[in-house]
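# What the coordinates show
One letter stands for each residue in the lines below.
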Amino acid sequence: MSGPLGSLPGMTYDPIKNRYFPTPKGPIPKPTEEDTRPLPPPRSQAGPSGRQQPQWRNPSPNSISQRNESIDLRSNARSRSQDTRRFAQPDYQARTQLRRDDQMRNIESLTLPQPDCFTHASKRARSGSVSHDLMDKSKLHRVGKLRKGRFGVRYGGSGEKTERNLSLQNQILSNLELDVEHHACGCHGEIITSYKTFGDEAYYATTDHGKVIMHHKNGNTAIFSVCAQNLVGMHCDIPRLTMIAIAGGSEPHLHLFKRDPELLDHVFMTHSELDLHRAEIYGVSSFDDVCTLGGAKSLTTINYTSSLRSFPRRLQSDALAVHQVCRDLVYVGQRSGHVTLEDLRTSPRNSNIVASTSRGKAVVGVKRLQDSAVPWGVVVSGMSHEMLLFDARFGEKPLRVFEGHFNTFHSNVALATSPDDKTLFSSTSDRRIKAWSVISGDPLMPTTSPATSSLSPGWDDQPPQDDNPLNKLYEQRVSHLDVNDELGLDVVVRGDLYRYGRK
């Protein structure tokens, strides 16, 4: 039976446990005589000494009397002899079997309440609008209908349907074109250190010159000089009107901005030092009102609900990649090549390793996928050209190996997924962007349009430029990627922002 990823070579999918198992090799063992012998009688038929009695096979009066002599109490002996004589009757078992068959017929005749959707479907089947029977088992292999999304197609089966999904994904990616190019840093030497998009067109970014860039959906851009040091990340808590700018450097610290709920024009700023063991900050991830920083052999959690505090957490290796999926769980990619799942509510002695790179190289990218795409799926990027898909519950062997990824020495890789987490985007060391289908593991390439495939006589010396992000060779390495429902793919190259939308 094929699972959510289809048929994997050497793996068998168990729908009950919802995981893939290695297919056993060799002949299937045959049951022995000990495996097929009958089960012992229940404990209610055991004697007063606790030992189980043999099966009832029309016991003789002599055996009955011997058992009665071993009982001290006369009342128990009398009741046991009566039960034994009742089981010794030849027609008792036949009457019992008839009674059980009658009960099963009564149970099968019961009708359970059905939902409205099933009732409507039955009415359509009886009216003749549906040509096949609802209980036809040959129709049960259909997982779902194909529904076209922005960056992919929902999973709808395997075989020809999977190939159709890939062709549709390639066609959708081919519709991406450059919509707008932003250079809001203010200085050509500035570099964008973090980027996040919101809603339709809004986004925020931080730079290495200590600036915060906030772009509103109406097109206005505001630039704030927050700190004299390098800003490595930013945390926005919109419901609580709170924003945190995290500064690195020799003395890491953070700036907390909080608006007054009654006077929105008034903003309070708080400056606080971080309790870090060293000065390096490698990754920043947040969820709701909790922000987590990855550092040298440590994690630092920032909490500001009651008061601004930081909680350090020791690790076995440096936390190069961090992905916080909820307030209490954080996936950490470490320099040792392991991905650990850290529960911020506990302090375990041993690390909970959920995945590891095959060559033991450093993990420079990690992202937890939605269960609707891959149950407990985790994408792991290693420094030695590795892009892997794991099941977080059983991380000994990857489920998928995404071919074509290229990373030579960079310690951070830009990872992004489509809104349904079924299409994966990644930056590479050769200044390109790669895309894969998470379901099938195949690389995605935009289809060549007839306009660009056939060159006109005026283009003999210089071919036309392709604005598709998957076909473009950028001047510098892509540092950040993000996917927006309306605009498509946002690409950050040093201090420039390229926003690609649908045609």
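As a convention, each chain's residues are numbered from 1 in the sequence order in which they are written. It should be noted that, the model being predicted, local features are given only for residues of pLDDT at least 70 and side-chain atom pairs only at 80 or more, the latter also being counted only at that level, while totals for whole chains, interfaces and linings use all residues. As a rule here, side-chain values come from all non-hydrogen atoms in the structure, and water together with hydrogens is ignored.

Per an unreviewed UniProt entry, the chain goes by the name WD-repeat protein and belongs to Kwoniella europaea PYCC6329.

Attention now moves to the sheet that holds strand β23 (residues 400–401). Whether two strands pair depends on DSSP finding at least two bridges between them. Numbering of helices and strands runs from the N terminus; a helix is a DSSP stretch of H or I covering at least four residues, while a strand is a stretch of E covering at least two. The strand order β20-β21-β22-β23 describes an open sheet built from four strands, whose pairing is antiparallel. Each edge of the open sheet carries a strand with a single partner, namely β20 (363–368) and β23. Pairing of β20 with strand β21 (residues 377–382), which is carried by five bridges, proceeds in the antiparallel orientation. Note on β21: the bridge partner recorded for Arg368 is Val378.

Moving on, we come to the pairing of strand β8 (residues 231–237). Of all the seven residues making up β8, five are buried; the element is thus mostly covered by neighbouring parts of the structure. Across six bridges, β8 lies against strand β9 (residues 242–247) in antiparallel orientation. Bridged to Leu231 within β9 is Ala247. Burial classes follow relative accessibility: with a 1.4 Å probe on protein chains only, a residue under 20% of its type's maximum area counts as buried, one over 50% as exposed, and anything between as partly exposed.

Ranked by internal contacts, the top residues of the largest apolar core, which has 20 residues, are Leu5, Tyr20, Val374, Met387, Leu389 and Leu424. Breaking this core down by element, the ones donating at least two residues are β1 (11–14) and β22 (386–391). Here a residue-residue contact requires only that any non-hydrogen atoms of the pair lie within 4.5 Å. Residues within four places of Val374 in sequence aside, it is in contact with Leu5, Arg368, Leu369, Leu389, Leu399 and Val438. Throughout, nonpolar core names a set of buried Ala, Val, Leu, Ile, Met, Phe, Trp, Tyr and Cys residues whose side chains join them through atoms within 4.5 Å. Ala414, Phe425, Leu481 and Leu489 belong to the second-largest nonpolar core, a separate cluster that totals 19 residues.

What follows deals with the side chain of Ser194. Take Ser194: it is sitting in strand β4 (residues 192–198). Definition of a polar contact: a pair of N or O atoms within 3.5 Å, with one able to donate and the other able to accept a hydrogen when the atoms are protein atoms, and with sequence-neighbouring residues admitted only if both atoms are side-chain atoms. One polar contact links Ser194 to Thr206, side chain to side chain, over a distance of 2.4 Å. Every residue in contact with Ser194, bar those within four places of it in the chain, is listed here: Tyr204, Ala205, Thr206, Val232, Gly233, Met234 and His480.

Here we come to the environment of Met214. In this fold, Met214 is placed in strand β6 (residues 211–215). When its relative accessible area of 32% is taken as the criterion, Met214 is described as partly exposed. Each residue touching Met214, except ones within four places of it in the same chain, is listed here: Tyr203, Tyr204, Asn220, Thr221, Ala222, Phe224 and Met243.

Moving on: the sheet that holds strand β25 (residues 423–427). Ordered by their spatial adjacency, three strands build an open sheet running β24-β25-β26, and the pairing between neighbours is antiparallel. The open sheet has two edge strands, β24 (415–417) and β26 (433–437), and neither has a second partner. Averaged over all pairs of adjacent strands, the angle between strand axes in this sheet comes to 20°, irrespective of strand direction. Note that β24 and β25 share three bridges and pair antiparallel. Each residue of the ladder has a partner; that of Thr417, found in β25, is Leu424. Angles shown run from 0 to 180 degrees and are taken between the N-to-C directions of axes, each axis being a line fitted to C-alpha atoms and, for helices, limited to the stretch in contact.

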